[in-house]
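Secondary and tertiary structure notes
Chain residues, written in single-letter form:
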Amino acid sequence: MKRSKFNLMPREEFASLSLHEKNAYLQDLSKRFAALHGRDQCELDKDALSRLRRYYSRRVWADLKLDQIEDDDSPITRAIRNLGEAIRNESLQADIAAVLMQESKPKRILRSAPPEDAQLTFFVPTVYDAPIKDDVNLMDVAPFSLSKRSNAGIIRYELKDSLITIEGGAETGLATVFDYDIFLNMVSHLADEVTRYRREEAKGLRPSLPPKTYRPSASHVLKFCRRSDGGKSYEDLEAALDRLANTTIKVVNLSNGRRRQVDSRPLIGGYSVVSRTNANRIDMIEITIPDWVYTSVVRNEKTIPLLTLHEDYFLISSGLGRFIYRLARKAAGKGEATYSVREIYKRSGSTQEYRKFAYDLKEFITRTQAFPMPDYDLALQEGKDGTVLVMKRREETAAHNVPTLIDSE
C-alpha cells in the first residue's frame, strides 16, 4: 500500500527564507513526516538541519541544461521545463524523505509511563484477563473496539464452536480496548479477594465470600492502569464506565452445528459514582461485578481460570498491539503459536479493509524489531495459505508469570 505524500515547499520559495525560517520549516516538516510514517517525533540537530538545507539547494536536474534553453514559450520548451521540474521535485521528495527517515526513529510500542509511576510500581497488583466460561475465552477475540475512540455498531465473530456478538449502547457506543483496563482492574481485584478468602479458609477460619460489588477510588483505578491523574483522565474514566456498562457480549455455543446455549453478558454489571471532589471529578466509584465473571472466578473449586498479563500491557499504545499481546498470551502461553493474518483479522473485529489491516499489522511487527512487545517476539512468515504471524515467548521472560493458584494454562 502506498503512503500518502507530504507536500514540500518549492525550492525557490525555500531559498527566499531566512536561516531561522528555513530551520523552523524543516523542524515542522520532520514532525509531519514522523506522524505520516509512524516514526517518533524528535528535534533535528544542527547537522541534520544543515544537510536538509543542502538537499533543498541541490540542482539534480542540471543534466537537462535548462539554463541554455532560450526563454521562449514554445510547446517543446514548456515540455522540457515541465519535465525538468518533475524530475527535480521527485528527486527532492526522495532525498528529503531519505534524510528524515534516517534522522527519525520508529514509533515506540510502549508509551512512556506517567511521572509518578516509578514510585508506585509496588502499588500495581498482578493483572488478570477475563475468565473462561463454557469453552469460550475472551482472549481469543476482541470483546471491544480496537479504536481509541468509541464507535457505534456491532462486532460479530463466527468461530468453530460459537457465535459471539459484541454490542454497545445506542448513545455510548462500544467499549474500547482502553476502557477494558477497568474490566481488568475489576477481575484482578476479585482474583485477589478470592485468594485471600481461600487462604483464610485453609487456616480453618470462616471468611465471607467476596462481595459482588467493590469500591475503588478513581485515583486507584488510574494508578492500576498506569495512567496520569490529570483532569482529562478522570473525564475519560467516567465515559469509559458508561461504555462498559452498556456493552454486552452474546455467546451462542454450538454442538454439532446446533445451538445448545445462548448466554448474554455485560462487561460490568453497572456502576455508580459514590462521591466527587470539590472540582466535580469522580472520586469513589462502586462497580458491580457481573454474574458470569463472579461465578467463574469465585465458584471454581480448584483453580481460577485466569491468565496473568505483563504489567507493561497497560503501556502498549495501540489497540492492535494490545489485541496481539492478549492473543499471544492465550495461544502461545510460554511457548509458540501461529495464526494466519486473515484469521487475526477475523478475530480482531477490525472495521478496516483487510489490506489496510494487514498493512498496519506489518508496520506494528516491524516496530517490534526495534522496540519489542512485552513477553513475546513477533514475526511474519509466508505459509501455504498466505502470510502468518508467529508469536514466540522470549526465553528471558519465560519465568515472568510462574503458574500459581490463580494462573491456569
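Above this text you will find the structure in question.
Every chain begins its residue count from 1, and numbering advances along the sequence as written. Totals for whole chains, interfaces and linings use every residue, but because this is a predicted model, local features are given only for residues with pLDDT of at least 70 and side-chain atom pairs only at 80 or more, for both listing and counting. In computing side-chain properties, one takes all heavy atoms of the structure into account and sets aside hydrogens as well as water.

For salt bridges, the criterion is a side-chain nitrogen of Lys or Arg within 4 Å of an Asp or Glu carboxyl oxygen. Taken as a whole and judged by the stated rule, the model has 17 salt bridges. Two residues, Asp 181 and Arg 227, come together in a salt bridge whose shortest N-O distance is 2.9 Å. In this pair, Asp 181 sits in helix H5 (residues 180–202) while Arg 227 sits in the loop between helix H6 (218–224) and helix H7 (231–246), placing the two residues 46 residues apart along the sequence. Classification of Asp 181 as buried rests on a relative accessible area of 1%. For Arg 215, the salt bridge identified is with Glu 286, shortest N-O distance 2.8 Å. One end of the pair, Arg 215, is in the loop between strand S6 (213–214) and H6; the other, Glu 286, is in strand S10 (residues 282–288), and 71 residues separate them in sequence. Shared partners join several salt bridges into a network, and the residues in it are Asp 181, Arg 227 and Arg 322. Under the DSSP-based scheme used, a helix requires at least four consecutive residues in state H or I and a strand at least two consecutive residues in state E, with every element numbered from the N terminus. Partly exposed residues are those whose accessible area sits between 20% and 50% of the maximum for their type, while under 20% is buried and over 50% is exposed, using a 1.4 Å probe and protein chains only.

This next bit is on the pairing of strand S12 (residues 336–340). Here S12 shows one buried face, formed by Ala 337 and Tyr 339, and one open face, formed by Glu 336, Thr 338 and Ser 340. The rule for pairing is simple: two strands pair if DSSP sees at least two bridges between them. Of the strand pairs in this sheet, S12 and strand S14 (residues 386–393) are connected by five bridges, and their pairing is antiparallel. In the strand pairing of S14, Ala 337 is matched with Met 391.

Here Ser 350 is to be found in the loop between helix H10 (341–348) and helix H11 (354–370). Within the local environment of Ser 350, its side chain forms a polar contact with the backbone nitrogen of Gln 352, the two atoms lying 3.1 Å apart. Setting aside anything within four residues of it in sequence, one finds Ser 350 in contact with Tyr 345 and Phe 357. The definition of a polar contact used here is a pair of N or O atoms within 3.5 Å, where within protein one atom must be able to donate a hydrogen and the other to accept one, and adjacent residues in sequence count solely through side-chain atom pairs. In this analysis, two residues are considered to be in contact whenever any of their non-hydrogen atoms come within 4.5 Å of each other.

The next thing to look at is the side chain of Asn 185. As for its placement among the helices and strands, Asn 185 is situated in helix H5. Discounting chain neighbours no more than four positions away, the residues touching Asn 185 are Tyr 214, His 220, Val 221 and Phe 224.

As for its placement among the helices and strands, Gln 352 is situated in the loop between H10 and H11. Residue classification places Gln 352 among the partly exposed residues on the basis of a relative accessible area of 27%. In this structure, Gln 352 is in contact with Tyr 345, Phe 357 and Asp 360, ignoring residues within four places of it in sequence. Among the polar contacts listed, one links the side chain of Gln 352 to the side chain of Asp 360, at a separation of 2.8 Å.

Axis definition: a line fit to C-alpha positions, over the contact stretch in the case of helices; interaxial angles, taken between N-to-C directions, run 0 to 180 degrees. At their nearest, the axes of helix H9 (residues 319–331) and H10 sit 11 Å apart, and the two run at 110° to each other. One finds that H9 runs roughly perpendicular with respect to H10. Contacts between H9 and H10 involve Phe 323, Ile 324 and Leu 327 from the first element and Ile 344, Arg 347 and Ser 348 from the second. In the scheme used here, Gly and all other residues not listed as nonpolar or charged are polar, with Ala, Val, Leu, Ile, Met, Phe, Trp, Tyr, Cys and Pro taken as nonpolar and Asp, Glu, Lys and Arg as charged. Grouping the amino acids of the contact of H9 with H10 by side-chain chemistry returns four nonpolar, one polar and one charged. Here is the rule for angles: anything less than 35 degrees is roughly parallel, anything more than 145 is roughly antiparallel, 65 through 115 is roughly perpendicular, and the remaining ranges are oblique.

Right, let's talk about the packing of aromatic side chains for a bit. Ring pairs shown here join Phe, Tyr and Trp side chains whose ring centres sit within 6.5 Å, with only the six-membered ring taken for Trp; geometry is labelled stacked below 30 degrees between planes, edge-to-face above 60, and tilted in between. Taken as a whole, this structure holds ten aromatic pairs when the rule is applied. Seen from their ring centres, Tyr 345 and Tyr 354 are 5.4 Å apart, and the 75° between their planes marks the pair as edge-to-face. Each member of the aromatic cluster is reached from another via a ring pair, and the members are Phe 224, Tyr 313, Phe 314, Tyr 325 and Tyr 376. Only Lys NZ and Arg CZ are tested; either one counts as a charge over a ring when it is within 6 Å of the ring centre and within 35 degrees of the ring normal. Lys 212 extends its terminal NZ or CZ atom over the ring of Tyr 294, reaching a point 5.3 Å from the ring centre. Lying over the aromatic face of Trp 292, Arg 265 brings its terminal NZ or CZ to 4.9 Å of the ring centre.

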